[in-house]
Amino acid sequence: MTILFLLLYIYYMQDWFDHSEKKIISCLESLKPNSIRYSQIREIFDEYRTAWNIPAKIRIREFIDTLLQKAILKENTFSFPGRVEKLFTWANIPLFEIVSSIKKEGYFSHLTAMYLHELTDQVPSTIYINVEQSMKSRESESGLSQDSIDRAFRNPVRVSKNFAVYQDKKIVILNGQYTNRLGVIENDTHAGKGLYFTNIERTLIDISVRPVYAGGVFEVLRAYERAKDRVSVNKLVATLEKMKFIYPYHQVVGFYLERGGYQSSQIDLLQRFDTQFNFYLAHNMTQRDYSPRWRLFFPKGL
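Residues numbered from 1 in each chain as written. Predicted model: local features only at pLDDT ≥ 70, side-chain atom pairs only at ≥ 80, totals over all residues. Heavy atoms only, no water.

Hey, could you go over the overall build of the protein chain for me, with residue numbers and the actual values?
A count of helical and extended segments in the protein chain gives 11 helices and 12 strands. Over its C-alpha trace the protein chain gives a radius of gyration of 25 Å, far above what one expects of a compact globule, namely 19 Å for 302 residues. Taking the principal axes of its C-alpha atoms as reference, the protein chain extends roughly 85 × 35 × 35 Å. Taken across its 302 residues, the protein chain has 48% of its residues classed as buried. By sequence separation, contacts in the protein chain at least 24 residues apart represent 65% of the contacts at least 6 residues apart. Just so you have it, the protein chain exposes about 16400 Å², and 50% of that area is on carbon and sulfur atoms. Side-chain charges of the protein chain comprise 40 positive and 33 negative groups, with the mean position of each set lying 3 Å from the other. (Helix = DSSP H or I, 4+ residues; strand = E, 2+ residues; numbered from the N terminus. Rg over C-alpha atoms; globule rule 2.2 N^0.38 Å. Buried < 20%, exposed > 50% of the residue type's maximum accessible area, 1.4 Å probe, protein only. Contact = heavy atoms within 4.5 Å. Areas by Shrake-Rupley, 256 points an atom, 1.4 Å probe, with all protein chains shown as cover. Lys, Arg positive; Asp, Glu negative; His and termini not counted. Charge placed at Lys NZ, Arg CZ, Asp CG, Glu CD.)

Outline helix α10 (residues 249–259), supporting the account with residue identities and numerical values.
Most of α10 sits inside the fold, with nine of its 11 residues counted as buried. All of the buried residues in α10 are Tyr249, His250, Gln251, Val252, Val253, Gly254, Phe255, Tyr256 and Leu257. With its phi angle positive at about 80°, Gly261 sits one or two positions after the end of α10.

How would you sum up the packing of helix α7 (residues 200–209) against helix α9 (residues 233–243)? Please name residues and give values.
At their nearest, the axes of α7 and α9 sit 9 Å apart, and the two run at 55° to each other. With respect to α9, the element α7 is oriented oblique. By crossing handedness, the relation of α7 to α9 is classed as right-handed. Counted together, Glu201, Arg202, Leu204, Ile205 and Asp206 of α7 and Lys235, Leu236, Thr239, Leu240 and Met243 of α9 form the full contact between these two elements. Within the contact of α7 with α9, the residues separate by chemical class into five nonpolar, one polar and four charged. (Axes fitted to C-alpha atoms, helices over the stretch in contact; angles between N-to-C directions. Parallel < 35°, antiparallel > 145°, perpendicular 65-115°, else oblique. Left-handed = near helix turned anticlockwise from the far one by under 90°. Nonpolar A, V, L, I, M, F, W, Y, C, P; charged D, E, K, R; others polar.)

Let's hear about the side chain of Ser109: which residues, and what values?
Topologically, Ser109 is positioned in the loop between β4 (107–108) and α5 (110–116). Discounting chain neighbours no more than four positions away, the residues touching Ser109 are Tyr128, Asn130, Leu174, Thr198 and Asp206.

Please set out the packing of helix α2 (residues 38–48) against helix α3 (residues 60–69) residue by residue, giving values where relevant.
Where α2 meets α3, the axes come as close as 10 Å, and the angle between the chain directions of the two elements is 105°. Considering their axes alone, α2 and α3 lie roughly perpendicular with respect to each other. When α2 is examined against α3, the residues Tyr38, Ile41, Arg42 and Phe45 are found in contact with a partner set consisting of Ile60, Arg61, Phe63 and Ile64. Partitioned by chemical class, the residues of the contact of α2 with α3 number six nonpolar, no polar and two charged.

For the environment of Lys136, give the residues involved together with the corresponding values.
One can find Lys136 in the loop between β5 (126–130) and α6 (146–154). The spatial distance from the C-alpha of Lys136 to the C-alpha of Ile25 is 45 Å, given a sequence separation of 111 residues.

Outline the side chain of Asn278, supporting the account with residue identities and numerical values.
Assignment of secondary structure puts Asn278 in the loop between α11 (264–267) and β10 (279–280). Only 2.6 Å separates the side chain of Asn278 from the side chain of Tyr290, close enough to count as a polar contact. Residues in contact with Asn278, not counting those within four places in the same chain, are Gln146, Ile149, Tyr290, Arg295 and Phe297. (Polar contact = N/O pair within 3.5 Å; in protein donor to acceptor, adjacent residues only side chain to side chain.)

Would you mind going over the sheet that holds strand β11 (residues 288–291) in detail, with residue names and values included?
The sheet built from three strands is open, its strands ordered β10-β12-β11 with mixed pairing. The open sheet is flanked by β10 and β11, the only strands paired with a single partner. Bridging between β11 and strand β12 (residues 296–299) involves four bridges; their strand directions are antiparallel. The partner of Tyr290 across the bridge, within β12, is Phe297. (Pairing = 2+ DSSP bridges.)

Now, about the packing of aromatic side chains: what can you tell me, with residues and values included?
For any pair of aromatic rings, geometry is given as the distance between the ring centres together with the angle between the planes. By the definition in use, this model includes 19 aromatic pairs. Their ring planes at 85° and their centres at 6.2 Å tell us that Tyr247 and Tyr249 sit as a pair that is edge-to-face. The class of Tyr249 is buried, set by a relative accessible area of 6%. Among the aromatic residues, ring-to-ring pairing joins Phe153, Phe245, Tyr247, Tyr249, Phe279, Tyr280, Tyr290 and Phe297 into one connected group. The aromatic ring of Phe297 is capped on one face by Arg288, whose charged end is 4.3 Å from the ring centroid. (Phe/Tyr/Trp six-rings, centres within 6.5 Å; stacked < 30°, edge-to-face > 60°. Lys NZ or Arg CZ within 6 Å of the ring centre and 35° of its normal.)

In structure tokens:
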């Protein structure tokens, strides 16, 4: 009796699906972006169940399970600390398009933006998504002292622990400062369509500030060298001014421009900033050299 009931149930499920399969696939393919959450599938299910002739006994979970079994939907799970993100996709969606839907307000940055701009030879095993903090008042630059800078950069840099592993990739969520998405663009790339990521100028600034998220200072320098014929230094400087950093990162940017072989007129744009303090190219450097021009400590051998 149980087996007969099961066979009838399978036939019942198969019957409604056979009549509605093309309509369901057509509806999903019309959606943008190509990944949705459980709540969105529920909305679609409730809106179209009559048009798709879905029997009243079929619940949302059974509907999703059927689409998963038929390989129309794929469930993608991202297990972040304290929160699991699930996205449903269809067709053959590139990895970056799937990941871009994890945080609606986020955008790709640092090494990931370098990769999208083809400023690195690396195929990154880590993907960085920047989600800006809310606007808030910050400590003024006048509160800086040489002692506070020395203490901050003597220690190892703190890195985000908010990450998930998916398809052998580490997906890291960064909580960057509020910039109102300054320098963020939407573009089609070799990695996917309609991706949001930082432009070249903003990318060079971000990796100068946090080289740990760019593969290290040597990778940052290579990115500056590769960007030389594509970057607008005037735009880079304007972006740097708008970001209003407390620390004197203009010294870092100027140093990279100099070491990257940029024109003297371009490098001079960074020297118009006030240079009051000695600064550091990276945290926790054990062996280092010093650039008097930029009042900057940097790793030996760079």
